[in-house]
Amino acid sequence: QVQLVESGGGLVQAGGSLRLSCAASGRTNSNYAMGWFRQAPGKEREFVAGISANSGYTTSADSVKGRFTVSRDNAKNTVYLQMNSLKPEDTAVYYCAARAFIPTMKANEYNYWGQGTQVTVSS
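Asker: Can you help me understand the packing of aromatic side chains in this one?
Answerer: Counted by the stated rule, this structure contains 6 aromatic pairs. Residues Phe37 and Trp113 carry aromatic rings whose centres are separated by 5.1 Å and whose planes lie at 55° to one another, so their mutual orientation is tilted. Taken as a pair, Phe37 in strand S4 (residues 32–39) and Trp113 in strand S10 (residues 112–113) lie far apart in primary sequence, 76 residues in all. Judged by relative accessible area, Phe37 falls into the buried class, the value being 0%. A centroid spacing of 6.3 Å and a plane angle of 75° characterise the contact between Tyr95 and Trp113, whose relative ring orientation is edge-to-face. Highlighted residues: Tyr95 in strand S9 (residues 92–100) and Trp113 in strand S10, separated in sequence by 18 residues.

Dropping the structure here:
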């Protein structure tokens, strides 16, 4: 089992920045790909960004390209999501998730999930 705990969410004005962290514990190993997803009230959970186990491959949704950056530090078992130029439409609960090797955009292909952290962007 892998336990994931997100942190770093909060309230920020439009144009501001936040950095989310996702700390992994339990049966962690460097072979897990990590994904970030978000879910706004009344909306489906959507893919935000992902990173492969060795950081050699990253991908992100078109809506966040150029603004959000995913990275990881395997020595610390932690994945990060740097969010810049935040917009009110980025408001959501952000989740990190883990699966084997390569990140995908489909939530149902991830095996482990964190509890989420709220990000609120005011206009």
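Asker: I keep staring at the pairing of S9 and nothing clicks. Help me out?
Answerer: Most of S9 is tucked away, with 7 of its 9 residues classed as buried. The sheet contact formed by S4 and S9 spans 8 bridges and is antiparallel. In the strand pairing of S9, Phe37 is matched with Tyr95. Alignment of S9 against strand S11 (residues 117–122), held across 3 bridges, turns out to be antiparallel. Across the sheet, residue Ala92 finds its bridge partner in S11, namely Val119. Judged from the 2 bridges that link them, S9 and S10 form a sheet pairing that is antiparallel.

Asker: How do you make sense of the pairing of strand S5 (residues 46–51) when you look at a structure like this?
Answerer: Remember that side chains alternate between the two faces of the sheet whenever the strand is regular. The element S5 is extensively covered by neighbouring structure, given that 5 of its 6 residues are classed as buried. Note that S4 and S5 share 5 bridges and pair antiparallel. By the bridge assignment, Phe37 is partnered in S5 with Phe47. The loop that links S4 with its antiparallel partner S5 comprises 6 residues; one of these, Gly42, has a positive phi angle of about 75°. Where S5 and strand S6 (residues 58–60) come together, 3 bridges link them in antiparallel fashion. Residue pairing for S6: Ala49 is matched across the bridge by Ser60. Connecting S5 to the next strand, S6, in antiparallel fashion are 6 residues, including Ser55 with a positive phi near 65°.

Asker: Is there a simple way to think about the environment of Ala23 in this case?
Answerer: Tracing the chain through its elements places Ala23 in strand S3 (residues 18–26). The spacing of Ala23 and Gly42 is 19 residues in sequence and 27 Å in space, taken between C-alpha atoms. Beyond its immediate stretch of four places on either side in the chain, Ala23 contacts Gln3, Leu4, Val5, Asn77 and Thr78.

Asker: Help me understand a nonpolar patch on the surface in this model?
Answerer: A cluster of nonpolar side chains, Tyr57, Phe101 and Ile102, forms an exposed patch at the surface whose accessible area comes to about 300 Å². Relative to the helices and strands, Tyr57 is located in the loop between S5 and S6. Taking relative accessible area as the criterion, Tyr57 reaches 37% and is therefore assigned partly exposed.

What counts and what doesn't
Residues numbered from 1 in each chain as written. Predicted model: local features only at pLDDT ≥ 70, side-chain atom pairs only at ≥ 80, totals over all residues. Heavy atoms only, no water. Phe/Tyr/Trp six-rings, centres within 6.5 Å; stacked < 30°, edge-to-face > 60°. Helix = DSSP H or I, 4+ residues; strand = E, 2+ residues; numbered from the N terminus. Buried < 20%, exposed > 50% of the residue type's maximum accessible area, 1.4 Å probe, protein only. Pairing = 2+ DSSP bridges. Contact = heavy atoms within 4.5 Å. Patch = residues over 30% accessible without salt bridge, like charges linked within 9 Å, V, L, I, M, F, W, Y side chains within 5 Å. Areas by Shrake-Rupley, 256 points an atom, 1.4 Å probe, with all protein chains shown as cover. Salt bridge = Lys/Arg side-chain N within 4 Å of Asp/Glu carboxyl O.

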